[in-house]
Structures are given as C-alpha cells and as structure tokens.
Amino acid sequence: MTSGADPVGDAEAIDPDVDLHVPAQRAETAGVHKWPVLAAISAGGAVGACARHGATLLWPSPEGTFPWALFWVNVAGCALIGVLMVLVSEGGRTAPALVRPFLGVGVLGGFTTFSTYALDFSGLLEREEAGIALAYAGGTLAGAMGAVWLGASATRAALNRTAAP
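Please read all numbers here as calculations on a predicted model, not as lab measurements. (Residues numbered from 1 in each chain as written. Predicted model: local features only at pLDDT ≥ 70, side-chain atom pairs only at ≥ 80, totals over all residues. Heavy atoms only, no water.)

1. Quick word on the UniProt feature "transmembrane region" (unreviewed entry) in the protein
Okay, step 1: When the UniProt feature table is mapped to this numbering, "transmembrane region" (unreviewed entry) covers residues 69-89, 101-119 and 131-152.
Okay, step 2: In this annotation, residues 101-119 is assigned 84% helix and 0% strand; the end-to-end C-alpha distance for the span is 26 Å.
Okay, step 3: Between the C-alpha atoms that bound residues 131-152 the distance is 31 Å, and the span itself is 100% helix and 0% strand. (UniProt positions renumbered as here; feature names shortened; annotations may be inferred. Helix = DSSP H or I, 4+ residues; strand = E, 2+ residues; numbered from the N terminus.)

2. Quick word on the nonpolar core
Taken as a class, soluble globular proteins show a tendency for nonpolar side chains to be buried jointly.
Okay, step 1: Core analysis: the largest hydrophobic core is formed by 12 residues, namely Phe-66, Leu-70, Phe-71, Val-75, Cys-78, Tyr-117, Leu-124, Ala-133, Tyr-136, Ala-137, Ala-144 and Ala-147.
Okay, step 2: When residues of this core are assigned to their parent elements, the largest contribution, five residues, is made by helix 6 (residues 130-163).
Okay, step 3: Residue contacts for Ala-147: discarding those within four places in its chain leaves Val-75, Cys-78 and Ala-79. (Core = buried A, V, L, I, M, F, W, Y, C linked by side-chain atoms within 4.5 Å. Buried < 20%, exposed > 50% of the residue type's maximum accessible area, 1.4 Å probe, protein only. Contact = heavy atoms within 4.5 Å.)

3. Side note on the UniProt feature "binding site: Na(+)" (unreviewed entry) in the protein
Okay, step 1: Here, UniProt's "binding site: Na(+)" (unreviewed entry) annotation points to Gly-109 and Thr-112.
Okay, step 2: A relative accessible area of 37% means that Gly-109 is categorised as partly exposed.
Okay, step 3: Given a relative accessible area of 15%, Thr-112 falls into the buried group.
Okay, step 4: Once residues lying within four places of it in the same chain are set aside, the contact partners of Thr-112 are Arg-52, Val-73, Asn-74, Gly-77 and Cys-78.
Okay, step 5: At 2.8 Å, the side chain of Thr-112 forms a polar contact with the backbone oxygen of Leu-108. (Polar contact = N/O pair within 3.5 Å; in protein donor to acceptor, adjacent residues only side chain to side chain.)

4. A short note on the pattern of salt bridges
Okay, step 1: Across all of its chains, the model carries two salt bridges by this definition.
Okay, step 2: Between Arg-127 and Glu-63 there is a salt bridge, with its nearest N and O atoms 3.7 Å apart. Of this pair, Arg-127 sits in the loop between helix 5 (115-126) and helix 6 while Glu-63 sits in the loop between helix 2 (34-58) and helix 3 (68-89), placing them 64 residues apart in sequence.
Okay, step 3: Residue Arg-127 is classed as partly exposed on the basis of its relative accessible area, which comes to 35%.
Okay, step 4: Its relative accessible area of 66% is what places Glu-63 among the exposed residues. (Salt bridge = Lys/Arg side-chain N within 4 Å of Asp/Glu carboxyl O.)

Written as structure tokens, this is what we have:
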C-alpha cells in the first residue's frame, strides 16, 4: 500500500476486521496504539475460547456422531458477528475503539473455530464416517453463512423499527 492515491498511505491495520479504506472504520482505530488493541483481542479471545470449551464440555459429542455442540457454537457465534457488525459499523454508528477488537476478533473469534471444525471433520473421515463428515462440513458452512445474514438482517430490521415514527 504505497501508492500515492491510497487514502491510508502506508497504514497497517491493527484490527483485521477494519477496512482502512472505509473512513468510518479508519477513524475507529485512529490514535489507538496496537498494544491496547492486541490486549483487547487477547482478553476477548480467552473469554470466547473458554466459552466454546465450556459448551463442548456441557454437550459432548460421542465419537463418530455429529458434533452438535461445535456446530451450534459456530452458528451462534456467526449470528452474533452479524449483529455486532451492524451495531458498530452501519447507519453512521461507530463504537469505542476497543469494542470491535474485543468482541468481534477476540470473544467471537475465540468462540467460533475453524481449526476444531476442521479437526472434527478430519476425525470423522478417518473413522470412515464420510456421510456425517460431509453433512457437518456443508451444514456448518450453510448454517454459519445463514446465521451471519440472519443476525445482520434481524438487527437492521429491529433498528429500523425503533427508528420509525
């Protein structure tokens, strides 16, 4: 990003969810040093990962069965990401500088998981549970994408309803 036409020059994002080409998002981290942002992400990640671990302890999946706990963790987390992104970045709304890194990247990033999803998928394949593995892979993808859309759409609708006279 060294082009003279680039509105953010050589700036480097310290929050991967922030698009530095969007002025409102760029302003969200203006003047924030990277260490507080990294600390917020780390603290949020610990909270989210502990919550995910707790869910898998409360609702364990026996070997060779559909991993329902992790499926619902990923779907619920994606729905909450949709809600959060609408609340902190649409309709002229902004959030304090550490809200998105703490909640979005940290808590919800630690709560949802691609690595455990991939590990569960691989384990199902290794145990020759191809049908369950494919249902899990496709179901999680469809559920997660649908949940982001539904969470964002429901939040927009709720905000529009409260803003209407």
